[in-house]
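Tertiary structure, described
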Amino acid sequence: MIVTLVVVAAVVVLALTAAVAWREHRHFVDAEESRRRDDELHRRQEDEVVESETRLRLSLDAITQGVVMADPDGNVLYRNPYAQPFIEARHGEALVEAAVAELLAEAARGRAVEREVELFGPPRQCLFVSAMPLRFEGRDYGSVALIDDITEPQRLDAMRRDFVANISHELRTPMGALSLLAETLAGETDPDVVSRLAVRVQAEAIRLSDIMDDLLELSRIESNEASEQAPVAIQHVISEALARVKPSAEDKEVPIETVLPALDLVVRADRRQLTSAVFNLLDNAVKYSEANQPVRVTTRMEGDWVKVEVRDQGYGIPQGHQERIFERFYQVDRSRGRSDGGVGLGLAIVRHVATNHGGEVRVESAVGEGSAFTLALPVSDDEPVEQEDSQDLQPIGVQA
Amino acid sequence: MGELRKSFHEELDEIQAGIVRMAALVTEAVPRATEALLESNLEMAQQLITADDELDDLSVYLEERCHHVLALQAPMASDLRALSSALRLNAELERSGDLAVNIAKATRRIYGTRYDATLRGLLVRMSEEACRLMRLAIDSYVDGNAGLAAALDDIDDQLDGLNRDCVQAVFQAHNDGAIDLQAAVQLCLISRYYERIGDHAVNIGERVVYMVTGWLPEHTGSARMKIREQYHLDETGEGTDKETDVETDEE
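This write-up is about the structure you can find in this document. (Residues numbered from 1 in each chain as written. Chains lettered and ligands numbered in written order. Predicted model: local features only at pLDDT ≥ 70, side-chain atom pairs only at ≥ 80, totals over all residues. Heavy atoms only, no water.)

1. Points about the overall build of chain A
Secondary structure summary: chain A contains 10 helices and 12 strands in total. The burial tally for chain A puts 37% of its 400 residues in the buried class. Sequence-distant contacts, at least 24 apart, represent 64% of the contacts inside chain A between residues at least 6 apart. If you sum the accessible surface of chain A, you get close to 23100 Å²; carbon and sulfur atoms cover 54% of it. (Helix = DSSP H or I, 4+ residues; strand = E, 2+ residues; numbered from the N terminus. Buried < 20%, exposed > 50% of the residue type's maximum accessible area, 1.4 Å probe, protein only. Contact = heavy atoms within 4.5 Å. Areas by Shrake-Rupley, 256 points an atom, 1.4 Å probe, with all protein chains shown as cover.)

2. Description of the sheet that holds strand S1 (residues 66-70) of chain A
All names here are of chain A. With respect to topology, five strands assemble into an open sheet ordered S2-S1-S5-S4-S3, the strand pairing being antiparallel. One side of each edge strand has no neighbouring strand; the edge strands of this open sheet are strand S2 (76-79) and strand S3 (113-119). Neighbour-to-neighbour, the strand axes of this sheet turn through a mean angle of 20°, independent of strand direction. Bridge analysis of strand S4 (residues 125-136) against strand S5 (residues 139-149) gives nine bridges, and the strand direction is antiparallel. Within the sheet, the bridge partner assigned to Pro-133 lies in S5 and is Ser-143. Strand contacts of helix H4 (residues 151-186): S3, S4 and S5, with the helix running at about 125° to S4, the strand carrying the most contacts. (Pairing = 2+ DSSP bridges. Axes fitted to C-alpha atoms, helices over the stretch in contact; angles between N-to-C directions.)

3. Overview of helix H2 (residues 42-73) of chain B
All names here are of chain B. Over its 32 residues, H2 runs 47 Å from end to end, which matches the ideal 46 Å to within 8%, given 1.5 Å per residue. The residue sitting at the N-terminus of H2 and contributing the capping side-chain oxygen is Asn-41; that oxygen lies 3.2 Å from the backbone nitrogen of Glu-43. Downstream of H2 by a residue or two, Ala-74 has a phi angle that is positive, lying close to 40°. (Expected span 1.5 Å × (residues − 1). Polar contact = N/O pair within 3.5 Å; in protein donor to acceptor, adjacent residues only side chain to side chain.)

4. What about the sheet that holds strand S12 (residues 370-378) of chain A?
All names here are of chain A. Spatial strand order, S7-S9-S10-S12-S11: five strands in an open sheet with mixed pairing. Pairing within the sheet leaves two strands with one partner each, and these edge strands are strand S7 (256-259) and strand S11 (360-366). Averaged over all adjacent pairs, the angle separating strand axes in this sheet is 15°, with direction ignored. Here S7 runs beside strand S9 (residues 295-302); their pairing, made up of four bridges, is parallel. Following the sheet pairing, Thr-258 is matched in S9 by Val-297. Its contacts with the sheet place helix H6 (residues 234-252) against S7, S9, strand S10 (305-311) and S12, and it is angled at close to 170° to S7. Those strands touched by helix H7 (residues 271-287) are S7, S9, S10 and S12, and its axis lies near 170° from that of S12.

5. Describing the nonpolar core
In this structure, Leu119(B), Leu187(B) and Ile190(B) are the most contacted members of the largest nonpolar core, which totals 94 residues. The element contributing the most residues to this core is helix H1 (residues 2-38) of chain B, with 16 residues. (Core = buried A, V, L, I, M, F, W, Y, C linked by side-chain atoms within 4.5 Å.)

6. Section: the packing of aromatic side chains
Residues and elements named next belong to chain A. Scanning all chains against the criterion turns up one aromatic pair over all chains. Measuring from centroid to centroid gives 6.3 Å for Phe-326 and Phe-373, while their planes differ by 85°, and the two rings are edge-to-face. One end of the pair, Phe-326, is in the loop between helix H8 (319-322) and helix H9 (334-339); the other, Phe-373, is in strand S12, with 47 residues separating them in the sequence. Using a relative accessible area of 7% as the deciding quantity, one classes Phe-373 as buried. Seen from the ring of Phe-120, Arg-124 lies directly overhead, with NZ or CZ sitting 3.9 Å from the centre. One cation-aromatic arrangement involves Arg-244 over Phe-279; the distance from NZ or CZ to the ring centre is 4.2 Å. (Phe/Tyr/Trp six-rings, centres within 6.5 Å; stacked < 30°, edge-to-face > 60°. Lys NZ or Arg CZ within 6 Å of the ring centre and 35° of its normal.)

7. Let's talk about the pattern of salt bridges
Tallying each qualifying case throughout the model produces 38 salt bridges over all chains. Where Glu51(A) meets Arg55(A), a salt bridge forms, and the shortest distance between an N and an O atom there is 3.0 Å. Note that Glu51(A) and Arg55(A) are positioned in helix H1 (residues 2-62) at a spacing of four residues, about one turn of the helix. Residue class for Glu51(A) comes out partly exposed when judged on its relative accessible area of 46%. The salt bridge involving Glu35(B) is made with Arg124(A); its shortest N-O contact spans 3.0 Å. Of this pair, Glu35(B) sits in helix H1 while Arg124(A) sits in the loop between S3 and S4, which puts the two residues in different chains. Classification of Arg124(A) by relative accessible area gives partly exposed; the value is 38%. Members of the salt-bridge network, linked through shared partners, are Arg300(A), Glu302(A), Lys307(A), Glu309(A) and Arg311(A). (Salt bridge = Lys/Arg side-chain N within 4 Å of Asp/Glu carboxyl O.)

Read these as spatial facts, not as claims about activity.
The following block contains the structure:
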C-alpha cells in the first residue's frame, strides 16, 4: 500500500515537474517568437526608412536645381549633383558657393533670404540663390538652400522688353517723319517744295513698308507656315541672293568674290526662305564693310552638310555681342545700324531659316578683322526641282 | 596631435577657399569694369567701386586668419610656404581688385567718350586676357601646378603686346581728333591697369612656384649678389672663404 502511495506520489511529482518544464519551455518559445517578430518588424521599418530616404535622395538628385541642406549648426549634410560643381569651382562660380554659405547661415537664424548672383563669366550667367529655415512643430531641422539658373529666363525677358521697345521705336520714327512732312505739305503752295517733300514722304513710306515686310517675312519664317521644301540647287539660291544684293554692293563699292558650287550640290529647302537667308547674310556683310573691303562667298560640302560661308573684312562683332546678334532688333551699334538702313531683323531671319531646315548658323568674328557667317544645311541626294525662274539665273557678274 | 594636424589642414583649406573667392571677385570685377567703360555706365562703375569693400574685407579677414594659424600652429616647410604664399597672394589679389576700381573711376573721368572699333576691340581683348591670366594663376595655385605657374610670365607677353598696341591706338585716335587729351591719358592709364593685373597674375605664379618647389626667381639675384660680395672680398684679400654652396640658376 505504502509502496503504491509512494509510486503514485512520485508519478504526480514527475507529472508536475514535467508540466512546469513544459510551461517554461512554452514561455521561452513564445518569448523567442515575439523577439523574432519584433526584430523582423524593426528590420522592416528600418528598410522602409532607408528605402524612403533613398527615394527622396534620388528625387533630389534628379532635379535641375541646386539643393544644399545643412544641420542646425550649419554643417552641410547633403548637396545634390546640380549643386556639386559650385563647391569645386575656382573662378566666378566660387561666388555662388560663397553666397550659399552666407544665406544658409542667415537661414539658420530663422530668416528666409534670397540673392541674385550675376556672373560675367564667360559664359555669362545669372543664378538665383535662396535659403530658408527647416522648422516643424517647433523643432529646428537646419536649413536648405536652392540654386536656380535664371540665365535663360532673364535673357528671354530682356529680349521681350527690347522687342517691344524696338518695334515701337522703329515704327514711330518714320511715322513721325510722315506726320511732319504731311503737315508741312498741307500748308505748302510752291510746287517745287511740294514735289521735294513728296519724294521724302515716299522715302519714309518705303522705309516703313520695308520694316513691315521684314517683320512679316520673319513672322512667316518663324511660324514656318506655307513652307514648301523641295530639292534646290544651292547654286541657284546663291545666284539669286547675289543678284538682289548687287545694287547695294555696287553702290558702296564693296566687291563680292564668289566661288559658286557645282550644280549638283542640292539641299532640301524652301527656296524663298533660303534665298532670303543668304541675301540677309550678304546684305549685312556689304553693310558693315567699307569700300574695297571684299566680301567672299564660298560654298563647300563637309560630310552630310552644305556650308555657305559669307566672310567680310569689315568692322567685326565684339565677343560680348556675338551671342545676341541673332535676336530680333538686336544691333551692336545702334547709331551705325540705323544710318545703314538696318533694323536688326536680318540675322533673326537667317537663324529661323536655318532652324526650319534642320541646319544652323554660326559666326566667327574679331573686332577690326571682320566676320564670317556660316550657314550649314543638310545635303540632299535628290535631283533639284527646276523652277520657272531658275532658268534665267546664271552666275551674275561677280569675280569667281 | 592628429586632431591638431587635421584642424590645421582644415584651416589651410579654408584659407585656400578664401583666396579662390578673392580671385573670383577680381575676375568678375574686371569684365564689369570694361563694360562700364565701354558703355559709359556710371551706375555699374559705382557698384564696382562699392563692391571693392567686400574684397578688402575678405583680404583683412584672410590676413588675420593666416597670422592666427602662423602664431598658433607654427607650421614648417611646405605648410609654412603655403601660408606665407597665401599671405602674398592675398595682397596681389587685393591690389588687382583696386586696379579694377581704378578702371571704374577712370570711366567716370572720361564719361561720354566714344571709342572707335579698334580701341574697343583692344580694350575688350586686354580685359579678357587679364582675366584669363588670373584664372590660370588660380588654377596653378589650386592644383599646385608649378609648370603652369612658371609659364605665366611668358603667357603674359601677349598682354604686354596688347598694352603697346592699345597705347599706340590711343595716340592715333587722339591725333585723329576722335578723343581729347584727358580721354587719351586716362585710356593709356586704363591700358596700363589691365597690364598690371596681368603682372599680378604672374607674381601669383611665382609665389605658386615657391609654394611647390621652395624656389623664387629672386633667389638667382640674391645668389649672384652673394657671389659678387665674396669675389670682392677675395680681391681685397679680406675674405678667405672661397667655398660656396650657392648655385646660380640664371635663365
